[in-house]
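A structural walkthrough
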Amino acid sequence: MKGIKTVYICSECEYESPKWLGKCPRCASWNSFVEDVVEKSTGSASVAPRRTAVINSGSNKASKFSELQTPEYIRSSTGLGELDCVLGGGLVKGSVVLLSGEPGIGKSTLLLQICDILGKSKSVLYVSGEESQGQLKLRAERLSVKGDSLYILTETNIENILSEAEKIKPDVIIADSVQTMYSDKINSAPGSITNVKEVAMAFISKAKNDGTSVILVGHINKEGSIAGPKVLEHMVDAVLNFEGDKKQTYRIIRANKNRYGSTNEIGVFEMTDTGLCEVANPSEMLLADRPVDTSGNCAICTMEGTRPIVAEIQALVTQTAFPAPRRTSNGIDYSRTYLILAVLEKRLGLKFYNQDVYLNVIGGLQINEPASDLGIALALISSLTDTVIPDSLIAIGELGLAGECRGIANIDLRVKEAARLGFSKAVVPAHNAKNAAKISGIEIIPVKNVYDLLRLLRTSKNNVKESD
Ligand SMILES: Nc1ncnc2c1ncn2[C@@H]1O[C@H](COP(=O)(O)OP(=O)(O)OP(=O)(O)O)[C@@H](O)[C@H]1O
Ligand SMILES: [Mg+2]
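Here the structure is a predicted model, which means the values were calculated and not measured.

Conventions and cut-offs
Residues numbered from 1 in each chain as written. Chains lettered and ligands numbered in written order. Predicted model: local features only at pLDDT ≥ 70, side-chain atom pairs only at ≥ 80, totals over all residues. Heavy atoms only, no water. Helix = DSSP H or I, 4+ residues; strand = E, 2+ residues; numbered from the N terminus. Contact = heavy atoms within 4.5 Å. Areas by Shrake-Rupley, 256 points an atom, 1.4 Å probe, with all protein chains shown as cover. Lys, Arg positive; Asp, Glu negative; His and termini not counted. Charge placed at Lys NZ, Arg CZ, Asp CG, Glu CD. Polar contact = N/O pair within 3.5 Å; in protein donor to acceptor, adjacent residues only side chain to side chain. Axes fitted to C-alpha atoms, helices over the stretch in contact; angles between N-to-C directions. Parallel < 35°, antiparallel > 145°, perpendicular 65-115°, else oblique. Left-handed = near helix turned anticlockwise from the far one by under 90°. Nonpolar A, V, L, I, M, F, W, Y, C, P; charged D, E, K, R; others polar. Salt bridge = Lys/Arg side-chain N within 4 Å of Asp/Glu carboxyl O. Core = buried A, V, L, I, M, F, W, Y, C linked by side-chain atoms within 4.5 Å. Buried < 20%, exposed > 50% of the residue type's maximum accessible area, 1.4 Å probe, protein only. Domains from an automatic or database assignment. Pairing = 2+ DSSP bridges. pLDDT = per-residue confidence, 0-100. Near = heavy atom within 4 Å.

What follows is about the overall build of the protein chain. Looking only at helices and strands, the protein chain features 12 helices and 23 strands. Summarising its shape, the C-alpha atoms of the protein chain cover approximately 80 × 55 × 50 Å along the three principal directions. Long-range pairs, those at least 24 residues apart, make up 67% of the contacts in the protein chain between residues at least 6 apart in sequence. Roughly 22700 Å² of accessible area belongs to the protein chain as shown, and the carbon and sulfur atoms make up 50% of that amount. Taking the average place of the 53 positive charges on the side chains of the protein chain and the average place of its 54 negative ones, the gap between the two points comes to 5 Å.

Turning our eyes to something else, we now look at the environment of threonine 294. Examined against the element boundaries, threonine 294 turns out to sit in the loop between helix H7 (282-287) and strand E15 (297-304). It is 8.0 Å that separates the C-alpha atoms of threonine 294 and threonine 387, two residues lying 93 residues apart in sequence. In this structure the side chain of threonine 294 is engaged in a polar contact, spanning 3.0 Å, whose partner is the backbone oxygen of valine 292.

So, about the packing of helix H9 (residues 373-385) against helix H12 (residues 450-459). Relative to each other, H9 and H12 sit at 50°, their axes nearing to 11 Å. Between H9 and H12, the angle falls in the class oblique. Between H9 and H12 lies a crossing whose hand is right-handed. Across the interface between the two elements, Leu374, Ala377, Leu378, Ile381 and Ser382 of H9 pack against Leu453, Leu454 and Leu457 of H12. A class-by-class count of the residues in the contact of H9 with H12 yields 7 nonpolar, 1 polar and no charged.

For the rest of this paragraph, the subject is the pattern of salt bridges. Proximity of charged atoms lets side chains of opposite charge pair with each other. On inspection of all chains with the given rule, the structure shows 20 salt bridges. Measuring nitrogen to oxygen at the nearest pair gives 2.9 Å for the salt bridge that ties glutamate 304 to arginine 254. Separated by 50 residues along the polypeptide, glutamate 304 in strand E15 and arginine 254 in strand E12 (residues 250-258) bring together distant segments of the chain. One connected set of salt bridges, linked through shared partners, spans Glu166, Lys169, Lys206 and Asp210.

If you look at the biggest cluster of nonpolar residues, it comprises 46 residues, and the most contacted ones within it are Leu344, Leu365, Leu380 and Val427. For this core, the element with the most residues is H9, which contributes 7 residues. When residues of this core are assigned to domains, at least three map to each of domain 2 (75-280) and domain 3 (285-459). In this structure, Val97, Leu136, Val172 and Phe269 belong to the second largest nonpolar core, which totals 32 residues.

The subject of this paragraph is the pairing of strand E22 (residues 425-429). With 4 of its 5 residues buried, E22 lies for the most part within the structure. In this structure, strand E19 (residues 393-395) lies alongside E22, joined through 3 bridges in parallel fashion. Counted as the bridge partner of isoleucine 394 is alanine 426 from E22. Sheet topology places E22 next to strand E23 (residues 443-447); 5 bridges connect them, and they run parallel. Looking across to E23, one finds that lysine 425 is bridged to glutamate 443.

Looking now at the confidence of the model for the protein chain. In the predicted model, the protein chain carries a mean pLDDT of 87, and the fraction of residues at 70 or more is 93%. Between residues 461-468, whose pLDDT stays under 50, and residues either more than four places distant or in other chains, the model counts 6 contacts.

The 9 strands are arranged E8-E7-E9-E10-E6-E11-E12-E13-E14 in an open sheet whose pairing can be described as mixed. Pairing within the sheet leaves two strands with one partner each, and these edge strands are strand E8 (150-154) and strand E14 (275-278). On average, each strand axis in the sheet is tilted by 25° relative to the strand beside it, whichever way the strands run. Of the pairings in the sheet, the one linking strand E11 (residues 238-244) to E12 comprises 7 bridges and is antiparallel in character. If you follow phenylalanine 242 over to E12, its bridge partner there is isoleucine 253. In this fold helix H3 (residues 133-142) packs onto strand E7 (124-128), E8 and strand E13 (266-272), with an angle of close to 145° to the strand it touches most, E8.

We now examine the site of ligand 1. Of all residues adjacent to ligand 1, which total 15 residues, the nearest are Gly104, Lys107, Ser108, Thr109 and Arg139. Take glycine 104: an N or O atom from its main chain is 2.8 Å from an oxygen atom of ligand 1. Elements with a contribution of two residues or more to the shell around ligand 1: helix H2 (107-121), H3 and E13. Ranked by residues supplied to the shell around ligand 1, first place goes to H2 with 3 residues. Across the shell around ligand 1, the residue classes break down as 3 nonpolar, 5 polar and 7 charged.

Set out below in C-alpha cells:
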C-alpha cells in the first residue's frame, strides 16, 4: 500500500529495523522484534518517534517546589478488600491501572464484579473489545451484578470510545482489553506495538487531564510478559498481575508496580460459579485436605507482603528408570531445588543422584523466598527415607551451602500464624529460636544445620510407617 511500510520493532526498547533481528542492537534483548506497519516518512529513511503530550498542565513554566500544593489522593473502594489492599487502599482518582493475566484467569469477571460496587457511588463505563453486550449481560447475571450506573460499550476504536466517554462523563473507565483496541492514527493491526502504545496514551491523557480512573486489561504473551511495548508498564501508574493455576480455583493478584502504594501486598481470591470470592484466610484453604501419615509432606510459612501464608510442600522421590534422573519442580525455583539437593547429598551423604525428584507446592502458590528451604529439605529427606513428618510440625528457615540453617525475617509473624492454625511444633533456625519462643502455644525446635534436621526425623517416635 502506498505510504505504508513494514518494520520490525523491539518490544523492549522500540528500536526499529527494516528486517527481523534475533538480538536487538540497542538493548541486547533476544527475540524481542515484532512485525509492525508504519507510515512511510518522506525524505529520511528512519521513522521519527511519535510524541504525544500525555499530561496537559496548561503551563510550560517551572514551579517552585515549596509553592506546590500537596494533592490529596481520592481513593474509592472497589468493594473487594483484597483488591483494595493491593491497590494501596482503593482505586485512586485519575490513576491508570493495568491488569494483566493469562487467558481465562478471570480478569473480566473481577472487573465486572467491581463495577457493581463502584457503580453504587460512581458512573462506570465498561468498554469491551472482546465480548458482545449479550455475553456481558449473561456474565453480569451470573455474578449478580445489577450495575445501575454501569454503561457497557462494545467498541474497539479509541476515538469512538473517547467521544462516547465525553458524552457519559464516567468516573471510571474499564478497557477490556488494550490489545483489541486501535487508533485511526495508526495503520497497523490492533495489538501491534504502535497501536497498544497509542491507545494506552489516549487513556492516560484522559485520566490525567479530567481525573477519570482507568483500568486497562492487558494480555500476556507466551513468555508470560505483558503483550505490547515494555514502555506500557512505565506509562501506567500501577501494574497488577492476576496469577494462579487455571485448573485450581485459587487466584492471586500481585502489584508489580504501584505509584500509590506498596508492591508487597497480594490479594487472594477463589473462583466460584458466582464469581471471585475473597479468601481472607489463604492458609486455611491451602492446608485443607492434607494427607495423613504420608511421607514427603511438610508445612512451611512464606511471607506474601506483610501477610504470612502457611502452605504445604510435597516431595516425591522415586528410583529413576532413566540415565539422567528427572527433576520436576512446581511452584519452587528450579535452581533452589538443585541447591537444596546438592546440600543434602554433600553434607548428609543422601543419594538423590539415582532418584527422580518431584516437588510441588499445593494450591498453585509460587514460593519465592528462601525461608521455605528447611521445609523443602525435610520433605525431600522424608520422601527418600519414607519417614513421616508429623502433621503438627511446621519448618521455617533458610539453608546455606555449608548445610547451616540461617535466620530469617518476620519469625514472630510466621510462628504466630502457625500457632493460630493449630501447629504444635515449629522447626526454626537456632538464631531465631529466642524470638520464636515468645509466641505461646507452640513448641520451638531450634536447628543449627542439616544434621539436626536428619536427627529430628530419625528421632520422631511415630514417624515410621507401619509397612516398614
Ligand atoms: N459458569 C461458570 N462457573 C464457574 N466458573 C466459571 C463459569 N464461567 C466462567 N467461569 C470461570 O471464569 C473464567 C473466565 O473468566 P474471564 O472471562 O473473566 O477470564 P479472562 O481473564 O477475562 O479471560 P480472557 O483473557 O479470555 O478475556 C473461566 O476460566 C472459568 O474459570
Ligand atoms: Mg476477558
